[in-house]
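Fold and geometry: a report
Below are the chains, spelled out letter by letter.
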Amino acid sequence: MSVIDVAVVVGYLALMLVIGYFSGKDNESQEDYFLAKRSMPWIPIALSVAATMISANGFIGGPGWAYTDGMYPVMVNITVPLAIFFALWITTPVIYNLKVTSVYQYMELRMGPKTRMLAILQFFVNSLIQVSSMVYIPVLIVNTITGWPMYILVPIVVIISVVYTLMGGIKAVIWTDTIQMLVVIGGVILVVFTAINGTELGFFETLAEAKATGKLNTLDFSTDVTLTNTFWATLLGGTFMWVRYFCFDQAQVQRILTAKSLKQTKNSFVVSAFIMNLVYYFMLFVGVLLFIFYGGKEFATSNEIMITFILEELPIGIIGLIIAGIFAAAMSSVDSLLNSMSAVFTKDIYEYYFAKDRKESSLKVSKNITLVIGVIITVVIFVGFNGSAKSILDTVGNYISYFAGPAAGAFILAMFTTKAHDDGVAGGFVLGLVCGYGIAKIFHTSWLWNPLIGGIITIIAGYLLSLVLKSKQKTEEIEQYTAAGMRKKLIAEGVDQKEGKEVLPFTIGKQEIIVLSFFIMQYVVLAAIQYL
């Protein structure tokens, strides 16, 4: 790695720290740190949401996945716009109008402490696995390039992410993610052009060769539950997985709560839906290009494919830009999840169980919590990911799939029923997790089916248990926290007349129509590529 490449990477990391400092120098309160006083413009929010999602799909894992499986992994993300449609149409208006900091505060209001704690626990498990894997990516690359040991590189990467998140809070997260998203997009474009030039074929000739190898096929209507990227697995299981992520996951909800208005929140979601899927599709397309570039050569692991291309094929200077892009893809997940985990621990655990009279904690306490979580992340990386030979994406997806369904099922019961209550839904959550895991092991289901299985079990069991067990809440007390109840309340208060119909749950406006149309158009385009 040349001095120029090192300078590019170091300069990028320094820029993140500078942004973190200037973003947070005016922070005075917990609301500044976690919600930016609900004053952020919608375009940076959109890029931040997209950056975290793109990182989760992987600058390294995506191409490696597509190299072996072709474009079939596209299907994993195809229901992202559908999940965002549900967020725009129903869940976001409910949560935004409640003015909460944590989405799990909503669960307390609607259900109670037991379901809230179960939802919090699944959030921390999911987040630690995701954020740790995203630290592993740049460490893996730098380790390959320099030979420096993991036990030195991991703390360095975590410390940089923790420092600028500590300095700037959610504002630093959003503004650094904005820069990082642009760097990632630039990195993907550079790799695509380099790979196409290296094949000595034109763009359309490369597409024709990829199509001839079957690497551009995406639609598989098999009903085999052991397969991951089938039409049915991605439509049904994928929808449950992404509904949990975009409708009920703190990392996403917290970003949208920083917007100046609900209209701006919806705008950010619409733009992020397009960016997330299009950039992800191009990341996978890089893997197809590399398959042609290397003539189908076998690699020891799928994660080595992109790393080998970067080291052997890119010129001096460009390598630094690409590695900066990989750091960007990783750090955008690290900062977002660090801040959201801090918010959840502060609001839902520290203030709830330890603060006197549940008094709002200081900014210093919130920052200390962030620091501790950074240390925990470092430990989890070594335990869970050091030496992994599987695709990072596949590994992460498998781990978190068992929790996604029960979490989504619990929130669905909270938002759409008045009969479901804390004891019943908590019992349904546990049954969904345990039975879902058992079914997966017995029938060897693909991880993408697991959210659907766990979600359905949780919804059915949680509702039935709620009918059997006695409720401690009165219907009139909890109705306002359901989507239908919130709509009724806002209409009664005349809020829709002051702020527009879009503040109401179950209102379909132009944003909802755009993302739903995008969802459908994906299938049309993919079918045309495969069959025409």
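Structure: above.
Here's what I pulled together on the structure shown here. All values reported here derive from a predicted model rather than from experimental measurement.

Cut-offs used in this document
- Residues numbered from 1 in each chain as written.
- Predicted model: local features only at pLDDT ≥ 70, side-chain atom pairs only at ≥ 80, totals over all residues.
- Heavy atoms only, no water.
- Buried < 20%, exposed > 50% of the residue type's maximum accessible area, 1.4 Å probe, protein only.
- Helix = DSSP H or I, 4+ residues; strand = E, 2+ residues; numbered from the N terminus.
- Polar contact = N/O pair within 3.5 Å; in protein donor to acceptor, adjacent residues only side chain to side chain.
- Axes fitted to C-alpha atoms, helices over the stretch in contact; angles between N-to-C directions.
- Parallel < 35°, antiparallel > 145°, perpendicular 65-115°, else oblique.
- Left-handed = near helix turned anticlockwise from the far one by under 90°.
- Contact = heavy atoms within 4.5 Å.
- Nonpolar A, V, L, I, M, F, W, Y, C, P; charged D, E, K, R; others polar.
- Phe/Tyr/Trp six-rings, centres within 6.5 Å; stacked < 30°, edge-to-face > 60°.
- Lys NZ or Arg CZ within 6 Å of the ring centre and 35° of its normal.
- Salt bridge = Lys/Arg side-chain N within 4 Å of Asp/Glu carboxyl O.

**A short note on helix 6 (residues 103-110)**
In an α-helix, one full turn covers 3.6 residues, which means residues spaced three or four apart are oriented alike. A large share of helix 6 lies buried, amounting to six of its eight residues. Within the span of helix 6, buried status applies to Val103, Tyr104, Gln105, Tyr106, Met107 and Arg110. Of the residues that open helix 6, the one with a side-chain oxygen 3.0 Å from the backbone nitrogen of tyrosine 104 is serine 102. Looking one or two residues past helix 6, glycine 112 carries a phi angle of roughly 150 degrees, positive in sign.

**Some words on the packing of helix 10 (residues 231-248) against helix 18 (residues 450-468)**
Interhelical geometry of helix 10 versus helix 18 gives an angle of 70 degrees and a closest axis separation of 7 Å. Taken as axis vectors, helix 10 and helix 18 run roughly perpendicular relative to one another. Of the two elements, helix 10 crosses helix 18, and the hand of that crossing is left-handed. For the pair formed by helix 10 and helix 18, the contact residues are Leu236, Gly237, Phe240 and Met241 on the first element and Pro451, Leu452, Gly455, Ile456 and Ile459 on the second. Its residues placed into classes, the contact of helix 10 with helix 18 shows seven nonpolar, two polar and no charged.

**Some points on the packing of aromatic side chains**
The final tally for this structure, using the stated rule, is 30 aromatic pairs. Where tyrosine 67 meets phenylalanine 299, the ring centres are 5.6 Å apart and the plane angle is 85 degrees; that geometry is what we call edge-to-face. With tyrosine 67 in helix 4 (residues 61-69) and phenylalanine 299 in the loop between helix 12 (262-293) and helix 13 (304-313), the pair connects residues that are 232 residues apart, well separated along the chain. Taken together, Tyr104, Tyr106, Phe123, Phe124, Phe248, Phe345 and Phe411 form an aromatic cluster joined through their ring pairs. Over the ring of phenylalanine 291 we find lysine 215; its NZ or CZ atom is 4.1 Å from the centre of that ring.

**Looking at the packing of helix 17 (residues 422-443) against helix 18**
It is the contact of helix 17 with helix 18, at a shortest axis distance of 7 Å, that shows an interaxial angle of 145 degrees. With respect to the hand of their crossing, helix 17 and helix 18 are arranged in right-handed fashion. Residues Gly424, Val425, Gly427, Gly428, Phe429, Leu431, Gly432, Cys435, Gly436, Ile439 and Ala440 of helix 17 touch helix 18, and the partners they reach there are Asn450, Ile453, Gly454, Ile457, Thr458, Ala461, Gly462, Leu465 and Ser466. Of the residues assigned to the contact of helix 17 with helix 18, the class counts are 10 nonpolar, 10 polar and no charged.

**Thoughts on the pattern of salt bridges**
Applying the stated criterion to the full structure yields nine salt bridges. When the shortest N-O distance is used, the salt bridge between aspartate 348 and arginine 116 registers 2.4 Å. Of this pair, aspartate 348 sits in helix 14 (residues 318-354) while arginine 116 sits in helix 7 (residues 113-146), placing them 232 residues apart in sequence. Since its relative accessible area comes to 0%, aspartate 348 is described here as buried. Residue arginine 116 is classed as buried on the basis of its relative accessible area of 5%. With a shortest N-O distance of 3.2 Å, aspartate 496 and lysine 501 are connected by a salt bridge. Residue lysine 501 is classed as partly exposed on the basis of its relative accessible area of 48%. One salt-bridge network, in which partners are shared between bridges, spans Glu108, Arg116 and Asp348.

Take it as geometry only, folks, not as evidence of what the structure does.
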